[in-house]
Amino acid sequence: MTSDNSTYRKTVTQFALINQSLKGLGQIMLQDNAITGLLFLVGILIGSINMGIAVIISVCVATFAANLFKFDTNDINKGLYGFNAALVGAAIILFCKPTLIIWCCIIIGAIISTVIQHFFITKRITVFTLPFVLVTWAILFIINHFLPEFNIIPSTANAYHETDFGFAFRGYGQVIFQDNMVAGAIFFVAVFINSPLAALYGLAGAVMAVFISQPFSVPIENVNLGLVSYNAVLCSIAFAGNK
């Protein structure tokens, strides 16, 4: 009986960690929904297997660390300690070669982002993705100055030089560093499942950002890649509804 109880508790703990991690992924676009997070992961894996692995590792490490440090369970269950770490993993693997040192940087960065997030949560300050930005800047600064051989040379293989109507979904995709329209469409559906209003606000924001960018002579390839839209997607989602 004791063995059965131990196995049951272990299973429950593992399920809780998976659910917390998936909600952490969902919180990248402010969605407290595990299915949304799972679809985000699917979209990332479609765009890049290495990035998908990096996101899985970083969000799981951050969630495990938050539990280990005994941070507030309600906040962990909402995924508030996972999304910054997930973005750290995605960004580092985007700019750097997937070597052992880089994987170690992703793990360390995930833990540090969790600690920074906890600091601001305890101060009741909403900082959104600031921990991700600070940690990623620091890691890339170190790599650029001391380990430049681990940098990836930027590629223009996916530059879209002709105008198309995929920019709005690529704007969704670029929130998690994906210029793939299929990945972006999956991200849109993922948000729609949890909040149709937020999803449509995000789509409208992506389109509006392109119109606003026109007087500034933004290169058409940047527009089509979603690079002028992804911040607008997040802002629109944040202010969806009565906010």
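Please read these numbers as outputs of a predicted model, since none were measured by experiment. (Residues numbered from 1 in each chain as written. Predicted model: local features only at pLDDT ≥ 70, side-chain atom pairs only at ≥ 80, totals over all residues. Heavy atoms only, no water.)

A.B. asks: Teacher, can you tell me more about the overall build of the protein chain here?
C.D. replies: When helices and strands are counted, the protein chain shows 12 helices and 0 strands. In the protein chain, the succession of α and β elements from N to C terminus is α-α-α-α-α-α-α-α-α-α-α-α. Taken against the 2.2 N^0.38 rule, which gives 18 Å for 243 residues, the C-alpha radius of gyration of the protein chain at 18 Å falls within 12% of a compact globule. Seen through its principal axes, the protein chain has C-alpha atoms that stretch 70 × 45 × 35 Å. With an accessible surface of roughly 12,800 Å², the protein chain has 69% of that area assigned to carbon and sulfur atoms. Side-chain charges of the protein chain comprise 10 positive and 9 negative groups, with the mean position of each set lying 15 Å from the other. (Helix = DSSP H or I, 4+ residues; strand = E, 2+ residues; numbered from the N terminus. Rg over C-alpha atoms; globule rule 2.2 N^0.38 Å. Areas by Shrake-Rupley, 256 points an atom, 1.4 Å probe, with all protein chains shown as cover. Lys, Arg positive; Asp, Glu negative; His and termini not counted. Charge placed at Lys NZ, Arg CZ, Asp CG, Glu CD.)

A.B. asks: Could you clarify how one ought to interpret helix α12 (residues 230-238) in this entry?
C.D. replies: Because each turn of an α-helix spans 3.6 residues, side chains separated by three or four positions in sequence point in the same direction. Buried within α12 are the following residues: Ala232, Val233, Ser236, Ile237 and Ala238. For α12, the elements touching its buried residues are α8 (167-174), α9 (181-194) and α10 (196-213). (Buried < 20%, exposed > 50% of the residue type's maximum accessible area, 1.4 Å probe, protein only. Contact = heavy atoms within 4.5 Å.)

A.B. asks: It is not clear to me how a nonpolar patch on the surface should be interpreted in this structure. Could you clarify?
C.D. replies: Together, Phe64, Leu68, Phe69, Ile107, Ile111 and Val115 give the surface a local cluster of nonpolar side chains, amounting to about 520 Å² of exposed area. Mapped by element, the contributors of at least two residues to the nonpolar patch are α3 (49-68) and α6 (100-122). Secondary-structure assignment places phenylalanine 64 in helix α3. (Patch = residues over 30% accessible without salt bridge, like charges linked within 9 Å, V, L, I, M, F, W, Y side chains within 5 Å. Salt bridge = Lys/Arg side-chain N within 4 Å of Asp/Glu carboxyl O.)

A.B. asks: For this particular structure, what's the right way to read the pattern of salt bridges?
C.D. replies: If the charged atoms of two oppositely charged side chains come close together, the side chains can form a pair. Inspection of every chain in the model, using the stated rule, returns 1 salt bridge. Put simply, lysine 23 and aspartate 32 hold a salt bridge, and the shortest N to O gap is 3.4 Å. You can call aspartate 32 partly exposed: its relative accessible area is 35%.

A.B. asks: Teacher, can you tell me more about α3 here?
C.D. replies: The end-to-end C-alpha distance of α3 is 28 Å, a good match for the 28 Å that 20 residues give at a rise of 1.5 Å each. Within α3, the full set of buried residues consists of Met51, Gly52, Ala54, Val55, Ser58, Val59, Val61, Ala62, Thr63, Ala65 and Ala66. With a side-chain oxygen positioned 3.1 Å from the backbone nitrogen of methionine 51, the residue opening α3 is serine 48. (Expected span 1.5 Å × (residues − 1). Polar contact = N/O pair within 3.5 Å; in protein donor to acceptor, adjacent residues only side chain to side chain.)

A.B. asks: What is the right way to read the nonpolar core from this model?
C.D. replies: Among soluble globular proteins, nonpolar side chains are generally buried collectively. Grouped together as the largest cluster of nonpolar side chains are 48 residues, with contacts concentrated most on Ile28, Met29, Tyr172 and Ile176. At 8 residues, helix α5 (residues 83-95) tops the list of elements feeding residues into this core. With near-sequence residues (within four places) excluded, tyrosine 172 lies in contact with Met29, Gly184, Phe187, Phe188, Val191, Ala198, Ala199, Gly202, Leu203, Val233 and Ile237. (Core = buried A, V, L, I, M, F, W, Y, C linked by side-chain atoms within 4.5 Å.)

A.B. asks: For this particular structure, what's the right way to read the packing of α5 against helix α7 (residues 130-146)?
C.D. replies: To describe two helices that pack against each other, one gives the angle between their axes and the distance between the axes. Two elements in contact, α5 and α7, have axes whose closest approach is 9 Å; the angle formed by their N-to-C orientations is 30 degrees. Classified by the angle their axes make, α5 and α7 are roughly parallel. Where α5 crosses over α7, the handedness of that crossing is right-handed. Between α5 and α7, the contacting residues are Asn84, Leu87, Val88, Ala91, Ile92 and Phe95 on the first element and Leu130, Pro131, Phe132, Val135, Thr136, Ile139 and Leu140 on the second. When grouped by side-chain class, the residues that make up the contact of α5 with α7 number 11 nonpolar, 2 polar and no charged. (Axes fitted to C-alpha atoms, helices over the stretch in contact; angles between N-to-C directions. Parallel < 35°, antiparallel > 145°, perpendicular 65-115°, else oblique. Left-handed = near helix turned anticlockwise from the far one by under 90°. Nonpolar A, V, L, I, M, F, W, Y, C, P; charged D, E, K, R; others polar.)

A.B. asks: So what exactly am I meant to see when it comes to the packing of aromatic side chains here?
C.D. replies: The geometry of an aromatic ring pair comes down to the distance between the two centres and the angle between the two planes. Within the structure shown, the criterion is met by 8 aromatic pairs. Look at phenylalanine 119 and phenylalanine 120: their rings are 5.2 Å apart centre to centre, the planes differ by 75 degrees, and that puts the pair in the edge-to-face class. For the pair phenylalanine 169 and phenylalanine 188, a centre-to-centre distance of 5.7 Å together with 70 degrees between the ring planes defines the contact as edge-to-face. Within this pair, whereas phenylalanine 169 is found in helix α8, its partner phenylalanine 188 is found in helix α9, the two being separated by 19 residues in sequence. Accessibility expressed as a relative area gives 26% for phenylalanine 169, which makes it partly exposed. Residue classification places phenylalanine 188 among the buried positions, given a relative accessible area of 13%. One aromatic cluster is present, built from ring pairs that chain together Phe169, Tyr172, Phe188 and Phe192. (Phe/Tyr/Trp six-rings, centres within 6.5 Å; stacked < 30°, edge-to-face > 60°.)

A.B. asks: So what exactly am I meant to see when it comes to unusual backbone geometry here?
C.D. replies: Phi is mostly negative for residues that are not glycine, and the peptide bonds are mostly trans. A positive phi angle, near 65 degrees, is found at leucine 30, a position not held by glycine. Take leucine 30: it is sitting in the loop between α1 (2-26) and α2 (34-47). Assessed through its relative accessible area of 33%, leucine 30 is described here as partly exposed.

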